[in-house]
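Per-entry structural report
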Amino acid sequence: MTDLNDIIDFDDLDANERERLERVHALLLQAGPPPELSPSLTKPGAPPEPARILHLQPRRQRVLLLAAATVAAVAFGGGYLAGHPSTFTAERVVDMHATGGGNALAVLKIAERDAVGNWPMRISVSGLPQQAQRTAYYELWLTRKGQPSESCGTFRVHGKTTTVDLSVPYSFKGISGWVVTAHTPGETEPGDVVLTT
Amino acid sequence: MAVALALRTIGPVTSDGELIQRAATGDRGAFEDLYRRYARPVFGLALRRLGDRGRAEDAVQETFASIWRSAASYKPDRGPGAPWLYAVARNAIVDRARTRTDTPTENLIEQADDGAGPSEQAEQGWVAWRVHRALEELPEREREVVALAYWSELSQSEVAEFLGLPLGTVKTRTRAALAHLATLLEDELE
């Protein structure tokens, strides 16, 4: 039915109320039917618990930071830019290194906030193990007071280096850093921290 | 009279923004209220954009996980909760599209819509989001007649027969439902 006259009687309504209902009628037609929820969606899942941060000894951390900065510059300076559009203009670049003594690295580039209030970002990761399960993934987080607080997106890796574009609406005020966590199906989110700033 | 009576049944409800702020403090009840209000709009948006129920279900789960984690970043002085929730959902859906395909993602958010340009598609997505959210606030018996009147392809006489109600009752109930929706969608009607 597309004619409001076929749906309700409104001869007794004043013009304003009639116009109001006609607008609602038009919105309903424009919106279309709401979807039926699948049984798995009838209730929310358990909210994620805070991430488990794997802390390093300070000295080892400093060594890794230095190594990360050096290797990131070499690893991403050429190959990364060759494989992806160079139109991404970074306002800020953040290096990330592996927790637990691994060799993984990441470079996070953040562009200026766009017109609608999102911050585009591009993360390039190298050395993270490819996911063993089809539904496993990694997740980039903002941290506040050292704890993951806002997700910036999820991604999977393949090959030596993976580059992914993300966009988030969050303010960066008050953040303490960034981490990447590894999420395995069946485990509580956000999972173990594998990369950190 | 029927419309006036029906309008009075809409009592003061906790705003979306208040629920988000409460969720930010770890209030799971508030989080579940948000889920009740927005699960269907999020799923509808995800289906519209991703075109696949399985991926849309994943996007719903990720959206609400993201809402829970990032609720503290919501600033009520910057606007009501619905646009913030829409932005979080939209990002989660784009992320879902990006992580599950190797295809370019620039226009993925709009790929399931045909014929309209990006701005029209965005507008349609937002309208559907708001309307589906408002439908969740209707009493069940009003939501039922709206669904049957608009999307079942039945005439109102057939709806009346289906529900075992007089035709006049079905039309009155539908009109009350539209009046409720008009109140709930005040911003869209301006």
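Residues numbered from 1 in each chain as written. Chains lettered and ligands numbered in written order. Predicted model: local features only at pLDDT ≥ 70, side-chain atom pairs only at ≥ 80, totals over all residues.

We now examine the overall build of chain B. Helices and strands together make up the secondary structure of chain B, namely 10 helices and 0 strands. Helices and strands appear in chain B in the N-to-C order α-α-α-α-α-α-α-α-α-α. Sequence-distant contacts in chain B: of pairs separated by 6 or more residues, those separated by 24 or more amount to 65%. (Helix = DSSP H or I, 4+ residues; strand = E, 2+ residues; numbered from the N terminus. Contact = placed C-beta atoms within 7 Å.)

The helix and strand tally for chain A stands at 2 helices and 8 strands. Ordered by position from N to C terminus, the α and β elements of chain A give α-α-β-β-β-β-β-β-β-β. Out of the 197 residues belonging to chain A, those deemed buried represent 35%. For chain A, the share of sequence-separated contacts (at least 6 apart) that also reach a separation of at least 24 residues comes to 58%. (Buried ≥ 20, exposed ≤ 12 C-beta atoms within 10 Å, placed from the backbone.)

Residue and element names in this part refer to chain A. Burial of strand 5 (residues 147-155) is extensive: 8 of the 9 residues sit out of reach of the surface. Note that strand 4 (residues 137-144) and strand 5 share 7 bridges and pair antiparallel. Counted as the bridge partner of leucine 142 is glutamate 150 from strand 5. (Pairing = 2+ DSSP bridges.)

So, on to the confidence of the model for chain B. Residues and elements named next belong to chain B. Across chain B, pLDDT averages 81, with 79% of residues at or above 70. Overall, residues 1-12 carries pLDDT values under 50, and its contacts beyond four positions in sequence, including any with other chains, amount to 14 contacts. Confidence drops under pLDDT 50 across residues 102-114; counting only partners more than four residues distant or on other chains, this segment forms 18 contacts. Taken over the whole predicted complex, pTM reads 0.52, whereas the ipTM for its chain interfaces reads 0.75. (pLDDT = per-residue confidence, 0-100.)

A few words on the interface of chain B and chain A. On the side of chain A, 42 residues touch chain B, which itself brings 47 residues to the contact. Those elements that place two or more of their residues in the side of chain B that touches chain A are helix 3 (28-50), helix 4 (53-70), helix 5 (81-100), helix 6 (118-135), helix 7 (140-151), helix 9 (167-184) and helix 10 (186-189) of chain B. By residue number, the principal contributor to the side of chain B that touches chain A is helix 4 of chain B, which donates 10 residues. Taken together, the residues of the side of chain B that touches chain A sort by class into 25 nonpolar, 11 polar and 11 charged. (Nonpolar A, V, L, I, M, F, W, Y, C, P; charged D, E, K, R; others polar.)

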